[in-house]
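Notes for the structure review
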Amino acid sequence: MAWQPEQEALRQLSGCLKDSLSGHNKNAQKQAEIMLAQAKSSPDINNYLTYLFSSSHVPQGLTYSPEEYHAVRSAAAIMLKNNIKTGYKTIPVESLALVRSSVPLALQDKNSAIRSYAGNVITEIVSRGGILGWPQLLPELLGLIGNETGNITPEAQEGAMAALSKVCEDNRKMLDKDYQGQRPLTFIIPKLIEFTVSDKPKVRSLALGTINVFIPQKPQALLVSLDDLLNRLFQLANDPSADVRRQVCRAFVQIVEIRPDKILPHIAGLVDYMIAQQRKIEDEDLACDAAEFWLTVGEHNELWKSLAPYLDKIIPVLLESMVYSEEDIAMLEGGGNDADEEDRAEDIKPKFAKSKGARVLANGEEIDETGQVQNGGTYEKLGDDEDLDEGEIEEYDDGDDDGNPEDRWNLRKCSAAALDVFATDFRGPVFDTILPYLMTNLRHEEWPYREAAVLALGAVAEGCLDVVTPHLPDLVPYLISLLNDPEPLVRQITCWTLGRYSAWGASLNTPELRRQFFEPMMEGILTKMLDHNKRVQEAGASAFAHLEEKAGANLTPYCEPIIRQFVRCFEKYKDRNMFILYDCVQTLAEHVGHGLAQPQLIDLLMPALIHRWNKVTDQSRELFPLLECLSYVATALSDSFAPFAMPVFTRCIKIIHQNLEEYLAAVNNPILDTPDKDFLVTSLDLLSAIVQAVDEKQSAALVSGSQPRLFELLTFCMEDPENDVRQSSYALLGDCAKYVFPQLQPFLPTLLPLLIRQLDLDSILDEQIETGFSVVNNACWSAGEVSIQYGKDMAPYVPKLLQRYLEILGNPEVPKSVLENAAIALGRLGLENSTIMAPVLSSFSEPFLKSINSVDYTLEKATAMKGFCLVILGNPQAMEKDLARLFTVIARYKMVDHFKTPLTDDLQQIFQHTLKLYKSLIPDMNAFLTTSIAPTDVTALRTIYHL
C-alpha cells in the first residue's frame, strides 16, 4: 500500500514550515526552526515534505489560504532539498523512491516558483546520487519538453526545461562521463539544439542557455554538433524574444573562446549584429551581452586583429553606451553632501579576506587571484552568486532589485572595459578615433557627457599612454579642475581617471615637472578623500591607493601630509569608506616600507589605527580589513611595532580561539551559524607579520605567553576544511620555523604528520584547484623552513616527504610556483639528511634540477642547491644520466653576495668539490664537456671552477 501521512503530524509540520518563513513574527520563526531541526531525525520526514510540496491543493484536514499554503510548499521544498544535500546517503530507499515519483509532478504546477523549486530538488538528487541513481529522469524530462504526445501543458514543458537546465548546470562533468559506452551529452546536446526552435520563447532561451553552459568545457558531443548550432544561432539572431537574443550573443561570445576559426569568416556580419543589439538600450541586459563580444574578441590572441577594419564603427557605439542612461541618472544624480550621514547596513560591501599569497611564487612575484591589480578599478566584473538557486532568493529578498548602478556590472562598465582592451590592442588608432569626441565632450555643458568623456579618457590610459602623453600637460590640469565639478559623479570619475594617469605623474624625472603636475595631482586626489559626498570619497581613496602603487617609494618624502589626511579620514569616514581607507594605509605601508618607521609618522598613524582597533568588536566584519592593514603596517615598521605587538597578538589569539570554538559548536549543532572563516585568515596573517616584525626575544615571549597556546590552535587551523585558512596556517608555520623555532620544536611531532598529509595532491578538489595548489605551495615552503631548523630530527619524515615531493614534481598539472617550492623543500631536506636521501638520488635528480633551474637566485635556491650537492657527494654514481644538467645549473649559477649567510657561505666551495669529484671519476672530462655541455657553459666552468 502506498505511503500515507498521519493527519496530526502533517498539521504540526505544515504549521512549523509556514512559521519558518514568517519574517514578521521572529519568535514563531525561531520556535519553528527548532521544531524543524528536531523533526529532521524522524525517518518519515522527507515523505511528509514531499507530500506537502507535490500536493497542489491544500490537503484534507488543513486550513490555509492560498498564500499560506504556497509558503508551506516553498518551505517544504527548501527543507527537502537541504536534507538531500546534507544527508542523501541516510535517506531510506522507500523515501527516495517516493521523492523521485512525486517531485516531477510539481514541474507541471501552475505556479512558476513551485516549478522552480521542483527543479532544485531534482538537481540535488542527481548531484548526490548520480545519473545512474535515477536513470529514467533525463528521458522523462526530454519527453516532457519535446511534447511528442501533444498533450503536455505549456507549464510542464517550461518546468521540465528549467529543471533540465539546472541539472546540466550543476552536473556538467558528470553528464560527459562514459556510462557503459554512452555519454548522456551525446543525446542531450542534439535535443537541446532541437528545442531552440520550440514555439515557447522560455523553452528556446533556456535550451540555448543550457547549451551555453557546456560550450566552455568543449565536450565532444557539442563539437560534432557545432555547425548545426551555428546555423541555429543565425536563424535565432532576430528572434522576437530578447531573452533568446541574449543567449545568441552569449553563445557567439563562448564560441570565440573554443573555436575562433568558426567565428572569423562571419566577423563582418557579427560586428553589425552586435552593434544592432548593443543599441537596443531599452533592454540593458541584451545590450550588455552584445558588448561582451568586443571584450572577448579584443582579448583573444587570434581574433583581435580582425576587428581593426571596424574600429570606426564599434568605438562610437562604445562611447554612446558609456553615457549614463536616464534611469541611472534619475537614481544617481546630485548624490549631494551625504558625508555626515550614517551608512545603512546594506550599503556596506562585505570585505572578504585575501589569504596571504606571499609564498605563491618562489621568485617573489605576487598577484591576486584574478591576476588583476585591485586598486582603482571602476569596471570590475562581479561574479554571479552560484550558491543561490533560482526560486530560493525570493523568500529572503528585500525587493531592492535595481540597487545602485555603480555597484553592478552593466552596459556602461562593459563598454568602458572594451574600450580599455581596444586601446591595449590597437593603441594610436583608438585614441585618434576618440580624440574628436573628447574635444567636444570634456567641456560639455551637460554633466553626463562630461562624465562619459572623462571615463573614456581614463579607459584608454594604459593602452594609449604613449599617444596621450603629449596631451597630458594640458589634460591633467583640466582634470584637476574637474575635481571641483558641481556634479559628484563627475568628481568621482575624475578621481578614477587621474589615478589611471598617476604612473605618468610619478615617472616625471625633474623636481620642477613633479611640482608642476604630480604634486597637484596627488594633492587633488588626497583632497577628494574628504569630499562632502561619500561616493567621491571612495573614488578618491581608491585612486590614491592606485597612485601609491604607481609611485612606490617616491612617496616617502610626502608621507607626513598623506598620513595627516588619512588620520582626518579616520575621524570623518562612515563604515563603508573605512574599508577602502585601510587599503590606502596598507598600500602606503607596502610601497614605502621602512620609510614609514619614523617617530613622527608612527605618532600620527598608530593612535588612529589603535583607536579603530579598540572601537571595532571581535564580531565586526571591519576586523578583516583592519587586521590585514595592520599586517602590512607591522611589516613596514619592523621592530618599531614592538610597543603595539603585545595587545594585538593577544587579541588575534583570542579571535582564533573564539572562531574555532564557534565552528566546533556549529558542527555539533546544525541550528547554530557557522562562523566566518575570514576572522581566522586575517588573524593568522597578522600573527605572521608580528612574528617577523619584532625582535627574536619579543616574538619568543609572545608565542610562549599565548593563551591558549598558539601551536595548539595552529593544529586545528592546519586541518580546517577551508583552503584559505590552511594557506595562512602554513605561512604562519613557516614564519614560526624561521623566527621562533625553539618554541615551535616541541609541537613538531604533532604538526609534521599534518603537513605531510597536506602535500597529498589527491586531497585537492577539482572545483577548488587554484586555492588548493596555494595551500600545497605554502605547505612546501613551510616544510623547507622547518627542514633547515629541525636538521637531523627530520630523519623519520624523510621517506614520506620525498614521496610527496616526487609526486608534486612529476605531475604536469602542478603550477610552476608550486614545483619551485617543492624543489626548494626537497633540496633543503638534504642539508642534514643527505645520507638517507643519497641511495634514492636517481629517483629525484632530474625533476629537482628541472624545477630548481627556473628559480631566481635567492637564499632559498642557495640552500636547496647546497642540500642537493651534499646528497650527490654521498652517491655520485647515481647522477650519471643527469650529469650534463647538473653541470649546466652550476655553470649558470649566479653567486649573489646579498644572499650569503653562514649556511650558504660555502656554496661555491661545495660546487667546486662536486665538480672535482666528477673530474676524478670521468676518464676524459674534456670530451664529456665538449659533447654534453653548451660552449658558453663550458667556458664558465673553466673560468670559475678551473675545470
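Located above this text is the structure these notes cover.
Residues numbered from 1 in each chain as written. Predicted model: local features only at pLDDT ≥ 70, side-chain atom pairs only at ≥ 80, totals over all residues. Heavy atoms only, no water.

Describing the packing of helix α43 (residues 841-852) against helix α45 (residues 883-892)
The geometry of a pair of packed helices is captured by two quantities: the angle between their axes and the separation between those axes. In contact at an axis separation of 10 Å, α43 and α45 are set at 30° when each is read in the N-to-C sense. Between α43 and α45, the crossing angle belongs to the class labelled roughly parallel. Every pair of crossing elements has a handedness; the one defined by α43 and α45 is left-handed. Taking contact as the criterion, the partners of E846, L849 and K850 in α43 are, on α45, R885, L886 and V889. Class assignment of the residues belonging to the contact of α43 with α45 gives a composition of three nonpolar, no polar and three charged. (Axes fitted to C-alpha atoms, helices over the stretch in contact; angles between N-to-C directions. Helix = DSSP H or I, 4+ residues; strand = E, 2+ residues; numbered from the N terminus. Parallel < 35°, antiparallel > 145°, perpendicular 65-115°, else oblique. Left-handed = near helix turned anticlockwise from the far one by under 90°. Contact = heavy atoms within 4.5 Å. Nonpolar A, V, L, I, M, F, W, Y, C, P; charged D, E, K, R; others polar.)

Section: the environment of E8
Assignment of secondary structure puts E8 in helix α1 (residues 7-20). A distance of 2.6 Å separates polar atoms of two side chains, one belonging to E8 and the other to R11. (Polar contact = N/O pair within 3.5 Å; in protein donor to acceptor, adjacent residues only side chain to side chain.)

Considerations on the packing of aromatic side chains
One pass over the structure, following the stated rule, counts 22 aromatic pairs. An aromatic cluster is present here, built from Y857, Y893, F911 and Y945 joined pairwise through their rings. Between the NZ or CZ atom of R443 and the centre of the ring of Y478, over which it lies, the distance is 4.0 Å. (Phe/Tyr/Trp six-rings, centres within 6.5 Å; stacked < 30°, edge-to-face > 60°. Lys NZ or Arg CZ within 6 Å of the ring centre and 35° of its normal.)

Quick notes on the environment of S507
When you line up the elements, S507 lands in helix α26 (residues 502-507). Note on S507: relative accessible area 51%, which makes it exposed. Along the primary structure S507 and A551 are separated by 44 residues, whereas in three dimensions their C-alpha atoms are 7.6 Å apart. (Buried < 20%, exposed > 50% of the residue type's maximum accessible area, 1.4 Å probe, protein only.)

Details of the side chain of S502
By the element assignment, S502 lies in helix α26. Beyond its immediate stretch of four places on either side in the chain, S502 contacts F518, M521, H546, L547 and K550.

Some points on the pattern of salt bridges
Tallying each qualifying case throughout the model produces 48 salt bridges. Measuring nitrogen to oxygen at the nearest pair gives 2.9 Å for the salt bridge that ties R450 to D485. Here the residue R450 occupies a position in helix α22 (residues 447-459), and D485 occupies one in the loop between α24 (472-482) and α25 (488-500), the gap between them amounting to 35 residues. Both residues of the pair, R450 and D485, belong to the buried class. Connected through salt bridges with shared partners, the residues R246, R250, D285 and D289 form a single ionic network. (Salt bridge = Lys/Arg side-chain N within 4 Å of Asp/Glu carboxyl O.)

What to know about helix α20 (residues 411-426)
End to end, α20 covers 22 Å across 16 residues, agreeing with the expected 22 Å (1.5 Å per residue, within 8%). Count one or two residues on from α20 and you reach R427, which has phi positive near 55°. (Expected span 1.5 Å × (residues − 1).)

Considering the nonpolar core
By size, the foremost hydrophobic cluster in this structure holds 328 residues, and its most contacted members are F293, W294, L419, L609 and F887. Once residues within four sequence positions are removed from consideration, L609 is found in contact with F570, Y582, V585, L626, C629, L630 and V633. (Core = buried A, V, L, I, M, F, W, Y, C linked by side-chain atoms within 4.5 Å.)

Concerning helix α30 (residues 575-592)
Taking 1.5 Å of rise per residue, the 18 residues of α30 would be expected to cover 26 Å, and the 26 Å separating its terminal C-alpha atoms lies within 8% of that figure. Counting buried positions along α30 gives 15 out of 18 residues, so the element sits mostly inside the fold.

Thoughts on the side chain of S306
Residue position: S306 is located in the loop between α17 (284-298) and α18 (311-321). Since its relative accessible area comes to 15%, S306 is described here as buried. Looking at S306, its side chain comes within polar contact range of the main-chain oxygen of L303, at 2.5 Å. For S306, the contacting residues outside a window of four places in its chain are L264, I267 and V297.

Note that all results are geometric; they support no functional claim without further evidence.
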